[in-house]
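Fold and geometry: a report
One-letter residues, chain by chain:
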Amino acid sequence: MNKKAFDGIDKILQKIFGAEPGLKKLILADRSGLTIAHASDKLEYLAEIDDLGTIASLVFGASENFGQSLDLGALNMITLDFEDAKISIVPCGEGILCFYSDKNYCMVKLLLGSFKHELMDLINQYLQDPKIDAFKLDEFLSETFFK
């Protein structure tokens, strides 16, 4: 793992998470659904965070494909507005950043704009790590073999 890139990603996520009240979870996943990093205000099971990152990545990918099939251009953000919470999913280079927040949270674009380019560079550095590529290949081969 590219420890320097991961530490940089973690610092940025912590800054975004701590910038405004109302954010419950912040999860960064790659476009295949692999959770890279997260920030939250309470200790949680890593499996729950991984599941949420995977689901957000799948929702984003499906919506992106839907928009492409209609020639609508690039997908900028998905907002899911629930009774008690809001989920915003935004692309960040090769990553998908998921904001799980209170219903009235509206700082996603502002906060991401401040850190987007730096975060995109760190994500690219992290995903270029040969160990990550080996992990993805192993996961693909395992899925293929067991199906």
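Preceding this paragraph is the structure being described.
Residues numbered from 1 in each chain as written. Predicted model: local features only at pLDDT ≥ 70, side-chain atom pairs only at ≥ 80, totals over all residues. Heavy atoms only, no water.

1. Some details on the packing of helix α1 (residues 3–19) against helix α3 (residues 108–127)
At a closest axis distance of 9 Å, the pairing of α1 and α3 adopts a crossing angle of 160 degrees. When the interaxial angle is binned, α1 and α3 end up roughly antiparallel. In terms of crossing hand, the pair formed by α1 and α3 is left-handed. On α3, the residues that touch A5, F6, G8, I9, I12, K15, I16 and A19 of α1 are L111, F115, E118, L119, L122, I123, Q125 and Y126. The residue inventory of the contact of α1 with α3, partitioned by class, reads 12 nonpolar, two polar and two charged. (Axes fitted to C-alpha atoms, helices over the stretch in contact; angles between N-to-C directions. Helix = DSSP H or I, 4+ residues; strand = E, 2+ residues; numbered from the N terminus. Parallel < 35°, antiparallel > 145°, perpendicular 65-115°, else oblique. Left-handed = near helix turned anticlockwise from the far one by under 90°. Contact = heavy atoms within 4.5 Å. Nonpolar A, V, L, I, M, F, W, Y, C, P; charged D, E, K, R; others polar.)

2. Topic: the packing of aromatic side chains
Evaluated as defined, the whole model comprises one aromatic pair. Aromatic pair F6 and Y126: ring centres 6.1 Å apart, planes at 40 degrees, arrangement tilted. Here F6, found in helix α1, pairs with Y126, found in helix α3; they are 120 residues apart in sequence, far enough to count as distant. Its relative accessible area of 23% is what places F6 among the partly exposed residues. (Phe/Tyr/Trp six-rings, centres within 6.5 Å; stacked < 30°, edge-to-face > 60°. Buried < 20%, exposed > 50% of the residue type's maximum accessible area, 1.4 Å probe, protein only.)

3. Re the pairing of strand β5 (residues 95–101)
Across the seven residues that make up β5, a large majority, seven, are buried. Here β5 shows a buried face lined by G95, L97, F99 and S101 and a second buried face lined by I96, C98 and Y100. Bridging between strand β1 (residues 23–30) and β5 involves seven bridges; their strand directions are antiparallel. In the sheet register, D30 faces β5, and the bridge partner there is G95. Bridging between strand β4 (residues 86–92) and β5 involves seven bridges; their strand directions are antiparallel. (Pairing = 2+ DSSP bridges.)

4. As for the pattern of salt bridges
Evaluation of the coordinates by the stated rule reveals five salt bridges. Where E48 meets K25, a salt bridge forms, and the shortest distance between an N and an O atom there is 4.0 Å. Here K25 lies in strand β1 and E48 lies in helix α2 (residues 46–69), a separation of 23 residues in the sequence. In this structure, the salt-bridge partner of E64 is R31, at a minimum N-O distance of 3.2 Å. Taken together, the residues E64 in helix α2 and R31 in the loop between β1 and β2 (35–40) connect sequence positions 33 residues apart. (Salt bridge = Lys/Arg side-chain N within 4 Å of Asp/Glu carboxyl O.)

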